[in-house]
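# Residue-level structure breakdown
Chain residues, written in single-letter form:
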Amino acid sequence: MTQTPASSLPRILIMGVGNVLLCDEGFGVRAVEYLEAHYRWPDNVSFLAGETGGIMLMPEIQACDLLVVLDVVLGGEAPGTVYLLENDDLRKSLSFRDSMHQTDLLDTLATCELAGHRPQAIAFGLQPFDYHSMIMRLSPQAEAMLPEFCRKVVDELARRGIIATQQKA
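What you are looking at is a predicted structure, and each value in this text was computed from that prediction instead of being measured. (Residues numbered from 1 in each chain as written. Predicted model: local features only at pLDDT ≥ 70, side-chain atom pairs only at ≥ 80, totals over all residues. Heavy atoms only, no water.)

Taken together, L21, M134 and M136 make up a surface patch of nonpolar side chains, about 360 Å² in accessible area. On the secondary structure map, M134 appears in the loop between strand 6 (120-126) and helix 6 (140-159). Overall, M134 belongs to the exposed group, its relative accessible area being 68%. (Patch = residues over 30% accessible without salt bridge, like charges linked within 9 Å, V, L, I, M, F, W, Y side chains within 5 Å. Areas by Shrake-Rupley, 256 points an atom, 1.4 Å probe, with all protein chains shown as cover. Salt bridge = Lys/Arg side-chain N within 4 Å of Asp/Glu carboxyl O. Helix = DSSP H or I, 4+ residues; strand = E, 2+ residues; numbered from the N terminus. Buried < 20%, exposed > 50% of the residue type's maximum accessible area, 1.4 Å probe, protein only.)

Below, the structure written as C-alpha cells:
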C-alpha cells in the first residue's frame with residue numbers, strides 16, 4: 001500500500017471566528033481550541049483562532065484548499081442549534097450577511113478569489129445562548145455544547161475523508 005505524500009494532500013484550515021469578549025460570540029474560537037486539544041489530526045490540517053481578523057486573515061485563507069469555519073450563527077432556531085453551511089449556502093446565512101463581528105467571510109473569500117485563490121469553504125455554526133454579555137467566557141449552556149458541537153464537526157469531516165481520532169484523557 002502506498003501513502004500519498006503530505007505535500008499532495010489538500011491543505012485544510014479549521015478556523016474559529018468570533019469576539020471572545022462577548023460571551024458565546026467567542027464560541028468558534030473556543031471550538032477550534034477544543035478540536036485541537038482533544039483530537040489528533042492529519043498533518044495537512046492546521047488550526048487558527050481567527051477571532052475578528054476579517055480581511056487580515058486572507059494570507060491564511062489563501063494558503064488552504066478547504067476552509068472550515070467555526071462560528072455562531074443567528075439562524076432563528078433555538079439556542080444550541082448546530083448549522084452546517086457551505087458554498088452558496090454561506091450567502092444565505094444571517095451570520096455572514098449581517099455579521100456579529102468584523103469578520104465578513106463572504107467579502108474575504110471574494111477578495112481571495114480576486115487575488116487568485118479562493119478555497120472551498122464550509123461553516124459550522126451554533127445558535128448562541130448569550131452574545132450580549134461582555135464576559136470572556138462562554139455561557140454555561142454553550143460550554144456544555146462544545147463536545148457535542150465538535151463531535152459533529154469531526155463526524156462531518158470524516159464523512160469527507162478527513163479523519164481525526166479522539167485523544168485519550
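At a minimum axis separation of 10 Å, helix 1 (residues 27-38) and helix 6 run at an interaxial angle of 60°. By the criterion of interaxial angle, the relationship of helix 1 to helix 6 is oblique. As for how helix 1 packs across helix 6, the hand of that crossing is right-handed. Here F27, R30, A31, Y34 and L35 of helix 1 lie close against helix 6, whose contacting residues are A142, L146, P147, F149, C150, V153 and V154. (Axes fitted to C-alpha atoms, helices over the stretch in contact; angles between N-to-C directions. Parallel < 35°, antiparallel > 145°, perpendicular 65-115°, else oblique. Left-handed = near helix turned anticlockwise from the far one by under 90°. Contact = heavy atoms within 4.5 Å.)

With that settled, consider the confidence of the model for the protein chain. In the predicted model, the protein chain carries a mean pLDDT of 86, and 85% of its residues have values of at least 70. Considering each helix and strand of the protein chain separately, the mean pLDDT is smallest for helix 4 (residues 94-97), with a value of 45, and largest for strand 2 (residues 39-40), with 98. (pLDDT = per-residue confidence, 0-100.)

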